[in-house]
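The residues making up each chain are set out below.
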Amino acid sequence: MSRFVLLSTAFHATALQNGLARTPPMGFNTWNVFRCGGVSGAAIVEVADNLTRLGLARLGYTYVNIDDCWSTGSLDADGALVAEPGAFPGGITAVAEEVHARGLKLGIYSDRGFRTCAGYPGSGGHEALHARQLAAWGVDYLKYDSCYASNAHETAFQQYGAMRDALNATGRPVLFSLCGWNAWYAPLGDDLGHTWRIAPDVDEWANVYVATRTNEELGRWARPGAFNDPDMLVGS
């Protein structure tokens, strides 16, 4: 545990201090519904309309988050992310404007590795550029995954810290959601981001159980602005 304390001291000077996630963030994430088969700007706007129509937005379900598979298969010549033009004809900015017009917030997805979990371009090595893109597009939330990246603790902390610093540098308040799938993020979680995944995807009942039992032991690391994340609620 002493190793975590030492690293925490080093990271704390640049922790995200933007006033977000005073309570656990709530909303909708595309992954369990669309996977890579139908995520689009039109689908996001429809979700935003439904959150409003059903009264969920009034209850705090304010984030509409685009998960994996939203981009083209490669970065552009400058290393920038590119939204799939067929699915997002106006780009992410147009979707953000529609979501914001409904009083909601837009989230998006990337990865600390060189590829996302579905094989699309990641942000490893391009943190500053990609953070500036997200800020310019009007993104309010970043889910940052861990595929195609080292699982060594110090390397993971450094890579998450690089994107945290890049988001800080933009001046835009962006909720930073780490998706590292391990409980060992918890002691440093509040220095690196607002939420941190502590277990695998809850895509089957066995993993719901694992996430629940893992989360039981991690409450001391949570506080307003910083939360253990047992993954998304899944309905039928």
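Before reading further, recall that the structure is shown in the block above.
First, a word on scope: everything that follows refers to the structure included in this document. Bear in mind that the values here come from a model prediction, so they are computed numbers and not experimental data. Along each chain, the written sequence defines residue order, and numbers are assigned to residues from 1. Where local features are concerned, this predicted model is filtered to residues with pLDDT of at least 70; where side-chain atom pairs are given and counted, the filter is 80 or more; whole-chain, interface and lining totals use all residues. Remark: hydrogens and water are excluded; side-chain values derive from all non-hydrogen atoms of the structure.

Interaxial angles span 0 to 180 degrees and are taken between N-to-C directions of axes, which are lines fitted to C-alpha atoms, for helices over the stretch in contact. The helix and strand labels rest on DSSP assignments: H or I over at least four residues marks a helix, E over at least two residues marks a strand, and numbering proceeds from the N terminus. Running from amino to carboxyl end, helix α3 (residues 41-53) crosses helix α4 (residues 91-101) at an angle of 10°, the nearest separation of the two axes being 10 Å. By the angle between their directions, the pair α3 and α4 is classed as roughly parallel. Counted together, G41, I44, V45 and A48 of α3 and V95, E98 and V99 of α4 form the full contact between these two elements. Looking at the contact of α3 with α4 residue by residue, the class counts come to 5 nonpolar, 1 polar and 1 charged. Angle categories: roughly parallel below 35 degrees, roughly antiparallel above 145, roughly perpendicular from 65 to 115, and oblique for all the rest. Contacts are assigned to residue pairs with any non-hydrogen atoms lying within 4.5 Å of each other. Charged means Asp, Glu, Lys or Arg here, nonpolar means Ala, Val, Leu, Ile, Met, Phe, Trp, Tyr, Cys or Pro, and polar covers whatever is left, Gly included.

Relative orientation of the contacting elements helix α5 (residues 127-137) and helix α6 (residues 153-170) amounts to 45°, with a least axis distance of 8 Å. It follows from the interaxial angle that α5 and α6 lie oblique. Note on packing geometry: the crossing formed by α5 with α6 is right-handed. Only A162, M163, A166, L167 and T170 of α6 make contact with α5, whose side of the interface consists of E127, A128, H130, A131, R132 and A135. Classifying every residue of the contact of α5 with α6 by side-chain character gives 7 nonpolar, 2 polar and 2 charged. Note on convention: near helix rotated counterclockwise from far helix by under a right angle means a left-handed crossing. Clockwise means right-handed.

Three or four residues apart is the spacing at which side chains of an α-helix point the same way, because the helix has 3.6 residues per turn. When accessible area is computed with a 1.4 Å probe and restricted to protein chains, residues below 20% of their type maximum are described as buried, those above 50% as exposed, and intermediate ones as partly exposed. Buried within α5 we find E127, H130, A131, Q133, L134, A135 and W137. In this fold, the buried residues of α5 make contact with α4, β3 (105-111), β4 (141-145) and α6. Once α5 finishes, G138 follows within two positions and takes phi at roughly 90°, a positive value.

With that settled, the discussion passes to the sheet that holds β3. Strand order across the open sheet formed by 7 strands is β1-β2-β3-β4-β5-β6-β7, with parallel pairing between neighbours. At either end of the open sheet lies a strand with only one pairing partner, and these are β1 (26-29) and β7 (227-229). On average, each strand axis in the sheet is tilted by 25° relative to the strand beside it, whichever way the strands run. As paired strands, β3 and β4 are joined by 5 bridges and run parallel to one another. When the bridges of β4 are listed, S110 appears paired with Y144. Across the sheet, α4 is in contact with β2 (61-65) and β3; its angle to β3 comes to roughly 145°. By this definition, two strands are paired if DSSP reports at least two bridges between them.

What follows concerns the pattern of salt bridges. We count a salt bridge whenever a side-chain nitrogen from Lys or Arg sits within 4 Å of a carboxyl oxygen from Asp or Glu. One pass over the structure, following the stated rule, counts 9 salt bridges. With a shortest N-O distance of 2.7 Å, D140 and R172 are connected by a salt bridge. Linking D140 in the loop between α5 and β4 with R172 in the loop between α6 and β5 (175-178), this pair joins segments that are 32 residues apart in sequence. When its relative accessible area of 10% is taken as the criterion, D140 is described as buried. Residue classification places R172 among the partly exposed residues on the basis of a relative accessible area of 26%. For R197, the salt bridge is made with D231, and the minimal N-O distance between the two is 3.2 Å. A residue pair is termed long-range when its members are at least 10 positions apart, and R197 in strand β6 (residues 195-197) and D231 in the segment after β7 qualify at 34 residues. On the basis of relative accessibility, which here comes to 1%, the residue R197 falls in the buried class. A single salt-bridge network, built from bridges that share partners, covers D49, E98 and R102.

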